[in-house]
Amino acid sequence: MEKYSDLITFIRQLYRTPTAHLPLHAPTFEQRDKDYVMDAIDSTFVSSVGEYVNRFEQDLAAFTGAARAVATVNGTCALQTALKLVGVESNDEVITQPLTFVATANAIAHLGAAPVFVDVDKDTMGLSPDALETWLKENTEVKAKAKVKTKNSQPQPYPQPQYQPVFNKHTGRRIAAILPMHTFGHPCRIEQIVAIAKAWSIPVVEDAAEAIGSWSRQTHCGLFGDLGILSFNGNKTITCGGGGAILTRDNTLAARAKHLTTTAKIPHPWEFDHDEIGYNYRLPNLNAALACAQLERLPDILKQKREIARAYQAFFAFRDWGQFMAEPHDTQSNYWLCTIALADRAARDALLEATNNAGVMTRPAWNLMPDLAMYAACVSGSLDNARWLQDRIINLPSSVRS
Ligand SMILES: *Cc1c(COP(=O)(O)O)cnc(C)c1O
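So, here is what we can say about the structure in this document. (Residues numbered from 1 in each chain as written. Predicted model: local features only at pLDDT ≥ 70, side-chain atom pairs only at ≥ 80, totals over all residues. Heavy atoms only, no water.)

Description of the packing of aromatic side chains
Now for step 1: Applying the stated criterion to the full structure yields 12 aromatic pairs.
Now for step 2: Ring pairs connect the aromatic residues Tyr 4, Phe 10, Tyr 312, Phe 315, Phe 316 and Trp 321, which therefore count as one cluster.
Now for step 3: Directly above the ring of Trp 388 sits Lys 122, whose terminal nitrogen or CZ lies 4.4 Å from the centroid.
Now for step 4: Geometry around Phe 315 places Arg 319 over its ring, the cationic atom sitting 3.7 Å from the centre. (Phe/Tyr/Trp six-rings, centres within 6.5 Å; stacked < 30°, edge-to-face > 60°. Lys NZ or Arg CZ within 6 Å of the ring centre and 35° of its normal.)

As for the sheet that holds strand E9 (residues 219-220)
Now for step 1: Judged by pairing direction, the sheet is antiparallel, and its 3 strands sit side by side in the order E9-E8-E13 without closing on themselves. On the outer flanks of this sheet lie E9 and strand E13 (331-332), each paired with one strand and no other.
Now for step 2: Of the pairings in the sheet, the one linking strand E8 (residues 215-216) to E9 comprises 2 bridges and is antiparallel in character. By the bridge assignment, Ser 216 is partnered in E9 with Thr 219. (Pairing = 2+ DSSP bridges. Helix = DSSP H or I, 4+ residues; strand = E, 2+ residues; numbered from the N terminus.)

Points about the site of the ligand
Now for step 1: Not every one of the 15 residues close to the ligand is listed here, only the nearest: Gly 75, Thr 76, Glu 210, Ser 231 and Lys 236.
Now for step 2: Gly 75 places a polar main-chain atom, nitrogen or oxygen, 2.7 Å from an oxygen atom of the ligand.
Now for step 3: Here Glu 210 contributes a side-chain N or O atom positioned 2.5 Å from an oxygen atom of the ligand.
Now for step 4: When the ligand is considered free in solution it has 380 Å² of accessible area, and contact with the protein chains removes 93% of it.
Now for step 5: Those elements giving two or more residues to the shell around the ligand turn out to be helix H4 (75-85) and helix H5 (102-110).
Now for step 6: Grouping the constituent residues of the shell around the ligand by class yields 4 nonpolar, 8 polar and 3 charged. (Near = heavy atom within 4 Å. Polar contact = N/O pair within 3.5 Å; in protein donor to acceptor, adjacent residues only side chain to side chain. Areas by Shrake-Rupley, 256 points an atom, 1.4 Å probe, with all protein chains shown as cover. Nonpolar A, V, L, I, M, F, W, Y, C, P; charged D, E, K, R; others polar.)

Some thoughts on the side chain of Arg 392
Now for step 1: For Arg 392, the location among the structural elements is in helix H11 (residues 384-392).
Now for step 2: In this structure Arg 392 is buried but unpaired, with Asp 391 as the nearest side chain of opposite charge at 4.3 Å.
Now for step 3: Of note is the side chain of Arg 392, whose polar atom sits 3.1 Å from the backbone oxygen of Ala 343.
Now for step 4: For Arg 392, the residues in contact, after removing those within four places along its chain, are Ile 340, Ala 341, Leu 342, Ala 343, Asp 344 and Arg 348. (Buried < 20%, exposed > 50% of the residue type's maximum accessible area, 1.4 Å probe, protein only. Lys, Arg positive; Asp, Glu negative; His and termini not counted. Salt bridge = Lys/Arg side-chain N within 4 Å of Asp/Glu carboxyl O. Contact = heavy atoms within 4.5 Å.)

Notes on a nonpolar patch on the surface
Now for step 1: A contiguous nonpolar surface patch, about 240 Å² in accessible area, is contributed by Met 38, Ile 41 and Val 46.
Now for step 2: Here Met 38 shows up in helix H2 (residues 31-43).
Now for step 3: Residue Met 38 is classed as partly exposed on the basis of its relative accessible area of 45%. (Patch = residues over 30% accessible without salt bridge, like charges linked within 9 Å, V, L, I, M, F, W, Y side chains within 5 Å.)

Put into structure tokens, the structure is as follows:
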């Protein structure tokens, strides 16, 4: 397979590693990362309290333009909290995309709700506004507000957001939220999705776990919907070992997010009083120290990732066997994982085999959520584009060169 050895040579030159194993996405650390972590240890504040958590939240809000960011122990729990804050309860349904990492669906399931899978766009690889609108029109009915009884499972000391009740005609369950994901860092058509959600009066939570440093026009991913989340897991654009954040433009929601993720404790110098069933989802100060250092390097990391993406794009511009997935029009992607689409599944598998055998790690897209046993019985719309992409796309090594 001459064309594949051509690619392997190119990637090895790009990363200046003639022989060593090339990972898909490895983190890079510098002296500052070590200094901040050592400083957290020296301070003895390694756990749930500490200045690095506050600093990280402030720096993250400043970088993204959020009114406030709330740091959490990972992205999955940030997502679960965000869904809960917009009112998702057990037996509700949440619309999301079939092409995503399993955490997106799991966060819905962790609340006792069920995902509904609606197709993606072929170019953005994220939730399709057209498919969303079609699915809503064909499968839902709006019930008058007065007829709907609230079914809160626990006392809610705070006013719950008021949304028009939209129900799945077939299952009778409420559509409680829409959860698009910005796939591999490419912004989905989020403005159109939010406009549709507004028209139907359904809240939007954005899974921007892969999209720190990605913008649609002038707005950072995660700030279009009611709430958005980020992840700082080891394989993401920047990492603090494990970590996540909830982003919002709404200070009230941010305060609720902080409260709920920190055991719902009423602040007091010595009393332990809690006003609802909260979670211990806060980011430890030790991880926050690393997160602060990584965030300071983010602009440089993003610049380098664009250079890598440009190199791949130039390579594939002259090759008819693979199409580089460029950032969608009017957006700036962080190019978390550079992605190409091949002619068909056989070509995909041949490339996976050739590259991985040569020590250059490449990866297909995730198995579609409705193909996983846990989600096989969930409601799905058409999955044509998701299947088309799943058969063809491959992620290429995308680390920053250290
Ligand atoms: C990484 C990721 C998450 C969150 O993952 P954590 O490991 O819990 O931080 C959620 N959704 C998507 C799409 C992701 O890629």
